Amino acid sequence: MPTVDDILEHIGEFNFFQKQTFFLLCLISAAFTPIYVGIVFLGFTPDHRCRSPGVAELSRRCGWSLAEELNYTVPGPGPEGQCLRYEVDWNQSTLGCLDPLASLATNGSPLPLGPCEQGWVYDTPGSSIVTEFNLVCADSWMLDLFQSAVNVGFFIGSMSIGYIADRFGRKLCLLITILINASSGVLMAISPNYTWMLIFRLIQGLVSKAGWLIGYILITEFVGLRYRRTVGIFYQVAFTIGLLVLAGVAYVLPHWRWLQFTVTLPNFCFLLYYWCVPESPRWLISQNKNAKALKIIKHIAKKNGKPLPGSLQSLRPDEEVGEKLNPSFLDLVRTPQIRKHTLILMYNWFTSSVLYQGLIMHMGLAGSNIYLDFFYSALVEFPAAFLIILTIDRIGRRYPWAVSNMVAGAACLVSVFIPEDLHWLRVTAACLGRMGITMAYEMVCLVNAELYPTFIRNLGVLVCSSMCDIGGILTPFLVYRLTDIWHELPLVVFAVVGLIAGGLVLLLPETKGKTLPETIEEAENMQRSGKNKEKMIYIEVKKLDTPLN
């Protein structure tokens with residue numbers, strides 16, 4: 001009996017139907033961008049200072065420029081000037097226009113400072129959740145929590161989506177996640193306070209990444225085996241296109257509520273996929289729903305303009321296993337080589353998430369043109385994808401993966417020592433770092449599945465990739481809190497983490513040209529096989545040099 005892959009060879013592995021479905025699902029990938037990295041614009045923190053009643057009137061009466069007003073009325077630059085104010089009644093008429101505080105200081109002692117009891121003044125024409133809910137100074141940790149909440153949702157949703165999609169089907173789960181994501185996104189945009197906004201963002205996290213993963217699963221199940229890796233990479237390229245669009249939309253709409261509305265509303269259009277995207281025939285066959293699967297396969301053949309041979313109208317699953325093995329978490333650490341693979345992969349998933357999200361967040365704190373910097377750094381993700389396609393089947397996986405991690409780490413380290421006035425050089429280093437970590441991110445997705453035997457492959461990918469969301473939970477605190485100590489300190493941490501990740505990758509076996517391991521023994525021998533082969537050739541040469549008696 002033929003498998004779905006056998007049938008696709010006759011009716012088209014990547015023809016009109018697959019291209020149409022690929023385009024539709026790529027829109028979901030692009031729409032995931034504002035949820036994953038939207039914090040850069042939604043949570044933008046502009047320059048700010050304490051609101052002091054009477055300062056505006058005094059400044060107007062004296063004809064001060066903004067620089068003069070700050071010089072006379074703000075304690076100083078940095079956190080002191082942003083979170084503290086002079087405890088002075090600025091409405092008193094005795095204050096002069098030239099150094100008004102000089103007459104109030106007695107015996108040269110400094111004036112007392114107090115907290116910002118009247119709120120803050122923000123130097124921005126737009127708004128963000130920071131400016132609306134005053135997430136600065138003592139409450140700045142609430143911005144970290146906002147981004148961590150969406151990553152907590154990613155973690156829970158990713159852990160459960162595999163079971164749900166296998167139990168209830170890809171299409172139903174996709175539509176439900178789209179509906180919940182769109183609804184919670186709109187509700188977040190009209191949230192009356194921080195608490196409700198946080199709750200709806202968490203809900204978005206629970207379903208948005210799950211929907212993105214279902215889209216990834218669907219498109220790889222619709223295409224033939226030869227195209228599966230390529231469509232997987234370009235599905236992630238669609239995410240990069242979403243980054244470029246997000247930068248443009250955020251520039252046009254600098255107010256966070258309108259931005260949130262605008263990037264959320266297109267998700268309701270994806271509900272039309274009920275009529276456009278069919279259920280996966282592979283899933284239907286696995287559920288013994290062969291008649292429905294055959295109906296969809298005939299639909300694919302008709303769309304592709306190819307006939308379905310009568311001999312191929314009986315179906316069987318792509319994988320048939322005789323003895324059913326129950327995977328266990330212990331299988332990931334029980335044997336030495338698989339244990340090593342698991343620990344290195346977990347660290348690399350963690351590193352990829354921390355550096356990718358961390359570099360984007362740190363860029364938002366740089367104080368330059370955030371829209372252009374975001375746009376330029378997103379552009380370099382395109383060559384990253386093409387470099388992967390060019391190298392993985394020529395050079396292999398291990399060396400490009402290791403180099404990409406090291407380039408990302410080195411770029412972060414170099415950025416620390418580049419002066420602020422060399423902005424173009426800082427942007428160049430940031431783009432190199434972004435390109436490196438993008439390659440590393442896509443490589444770990446690819447290689448993770450190639451290092452585990454069949455019966456624990458899904459479990460291995462699930463457990464290791466969960467570290468990606470753990471990294472996302474920690475990254476906001478890492479970036480925003482370390483920046484308070486020293487602006488470049490996060491880059492030093494990223495450099496160390498990235499360089500270590502690159503070194504660890506070299507300890508993994510090369511998987512280029514190797515069949516996927518089926519058993520624990522095959523996975524354990526992946527690295528030894530090359531060494532044993534070299535030894536065997538050496539011994540054979542020695543035997544040939546020995547004269548016969």
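How each quantity is defined
Numbering of residues starts from 1 in each chain and follows the order in which that chain's sequence is written. Per-residue local features of the predicted model are confined to residues with pLDDT of at least 70, and side-chain atom pairs are confined, for both listing and counting, to 80 or more; whole-chain, interface and lining totals are unaffected and use all residues. The basis for every side-chain value is the complete set of non-hydrogen atoms in the structure, without hydrogens or water. The secondary structure listing takes helices from DSSP runs of H or I that are at least 4 residues long and strands from runs of E that are at least 2 residues long, numbered from the N terminus. A contact between two residues is defined here by any heavy atoms of the two lying within 4.5 Å. Here the accessible surface of atoms and residues is derived via Shrake-Rupley with a 1.4 Å probe, and residues count as covered only by protein chains that are part of the display. Each patch is built from salt-bridge-free residues with over 30% relative accessible area, joining like charges within 9 Å and nonpolar side chains (Val, Leu, Ile, Met, Phe, Trp, Tyr) within 5 Å. Between Lys or Arg on one side and Asp or Glu on the other, a salt bridge is scored when a side-chain nitrogen of the former is within 4 Å of a carboxyl oxygen of the latter. To sort residues, take the accessible area from a 1.4 Å probe on protein chains only and compare it with the maximum for the residue type: under 20% means buried, over 50% means exposed, and anything in between is partly exposed. Under this scheme, a helix contributes an axis fitted over its contacting stretch, all axes are lines through C-alpha atoms, and angles between N-to-C directions fall in the 0 to 180 degree range. Orientation categories follow fixed angle ranges, with anything under 35 degrees roughly parallel, anything over 145 roughly antiparallel, 65 to 115 roughly perpendicular, and all other angles oblique. If you view the pair so one helix is near and one far, a crossing is left-handed when the near helix is turned anticlockwise from the far one by less than a right angle, and right-handed when it is turned clockwise. Polarity classes work like this: nonpolar for Ala, Val, Leu, Ile, Met, Phe, Trp, Tyr, Cys and Pro, charged for Asp, Glu, Lys and Arg, and polar for all others, with Gly in that last group. To qualify as a nonpolar core, a set must consist of buried Ala, Val, Leu, Ile, Met, Phe, Trp, Tyr and Cys residues joined through side-chain atoms within 4.5 Å. A cavity here means a set of points on a 1 Å grid, drawn over the protein atoms and nothing else, where a 1.4 Å probe fits but cannot get out; a pocket is an open set with protein on both sides within 12 Å along at least five of seven lines, and a residue lines either one if it has an atom within 4 Å of a point. Grid points are joined across faces, edges and corners, and a volume is the space filled by probe spheres set on the points. What qualifies as a polar contact is a pair of N or O atoms within 3.5 Å, subject to a donor-acceptor requirement within protein and to the restriction that residues adjacent in sequence count only when both atoms come from side chains.

Within an unreviewed UniProt entry, the label attached to the protein reads Solute carrier family 22 member 2, and the organism entered is Bos mutus grunniens.

1. With respect to the overall build of the protein
Helix and strand counts for the protein stand at 26 helices and four strands. Expressed as a percentage of contacts within the protein between residues at least 6 apart in sequence, the contacts between residues at least 24 apart total 82%. Put simply, the protein shows about 25,900 Å² of open surface, and 65% of that area lies on carbon and sulfur atoms.

2. Quick look at a nonpolar patch on the surface
Taken together, the side chains of Ile395, Tyr399, Met406, Leu413, Phe417, Leu499 and Leu506 present a nonpolar region at the surface, about 670 Å² in accessible area. As for its position among the elements, Leu413 is in helix α21 (residues 398–416). With relative accessibility at 35%, the residue Leu413 sits in the partly exposed group.

3. Looking at the pattern of salt bridges
Counted under the stated rule, the structure contains 15 salt bridges. One salt bridge connects Arg334 with Asp331, and the closest N-O pair in it is separated by 2.3 Å. Through salt bridges with shared partners, a single ionic network connects Arg229, Asp393, Arg397 and Glu450.

4. Observations concerning the packing of α21 against helix α22 (residues 423–450)
Viewed as axis vectors pointing N to C, α21 and α22 meet at an angle of 150°, and their least axial separation amounts to 8 Å. It follows that α21 is roughly antiparallel to α22 by the angle criterion. By crossing handedness, the relation of α21 to α22 is classed as left-handed. Residue-level inspection shows Pro400, Trp401, Ser404, Asn405, Val407, Ala408, Ala411 and Ser415 of α21 in contact with α22, the latter providing Arg426, Ala429, Ala430, Leu432, Gly433, Gly436, Ile437, Met439, Ala440, Met443, Val444 and Val447. Among the residues forming the contact of α21 with α22, the class breakdown is 14 nonpolar, five polar and one charged.

5. What to know about the nonpolar core
Core analysis: the biggest nonpolar cluster contains 135 residues, and Tyr36, Ile129, Tyr356, Phe374 and Trp401 have the highest contact counts within it. For this core, the leading source of residues is helix α18 (residues 336–364), giving 12 residues. Ranked by size, the runner-up nonpolar core spans 11 residues in total, among them Leu58, Trp90, Leu95 and Leu101.

6. A closer look at empty space enclosed by the protein
Within the structure shown, the criterion is met by five cavities of 30 Å³ or more. Volume-wise, the largest cavity comes out at about 90 Å³. In this structure, the largest cavity is lined by Ile28, Ala31, Phe32, Thr177, Ile178, Asn181, Val207, Ser208, Gly211, Trp212, Asn267 and Phe270. At the level of elements, α2 (16–31), α10 (170–189) and α11 (194–222) are the ones that each hand at least two residues to the lining of the largest cavity. Residue contributions to the lining of the largest cavity peak at four residues, all from α11. Taken together, the residues that form the lining of the largest cavity break down as seven nonpolar, five polar and no charged.

7. Thoughts on the packing of helix α12 (residues 228–252) against helix α20 (residues 381–391)
Running from N to C, α12 and α20 cross one another at 170°; their axes reach a closest spacing of 9 Å. Comparing the axis directions of α12 and α20 gives the class roughly antiparallel. Taking contact as the criterion, the partners of Ile233, Phe234, Val237, Thr240, Ile241, Leu243 and Leu244 in α12 are, on α20, Glu381, Phe382, Ala385, Phe386, Ile388 and Ile389. Here the contact of α12 with α20 is built from residues that sort into 11 nonpolar, one polar and one charged.

8. Comments concerning the side chain of Arg282
Here Arg282 lies in helix α16 (residues 281–286). Judged by relative accessible area, which is 12%, Arg282 ranks as buried. Separated by 2.6 Å, the side chain of Arg282 and the backbone oxygen of Glu221 make a polar contact. A polar contact is formed between the side chain of Arg282 and the backbone oxygen of Val223, at a distance of 3.2 Å.

9. Points about the environment of Asn525
Position of Asn525 among the secondary structure elements: in the loop between α25 (520–524) and α26 (526–544). Overall, Asn525 belongs to the partly exposed group, its relative accessible area being 35%. Distance in space between the C-alpha atoms of Asn525 and Gln337 is 8.1 Å, their sequence separation being 188 residues.

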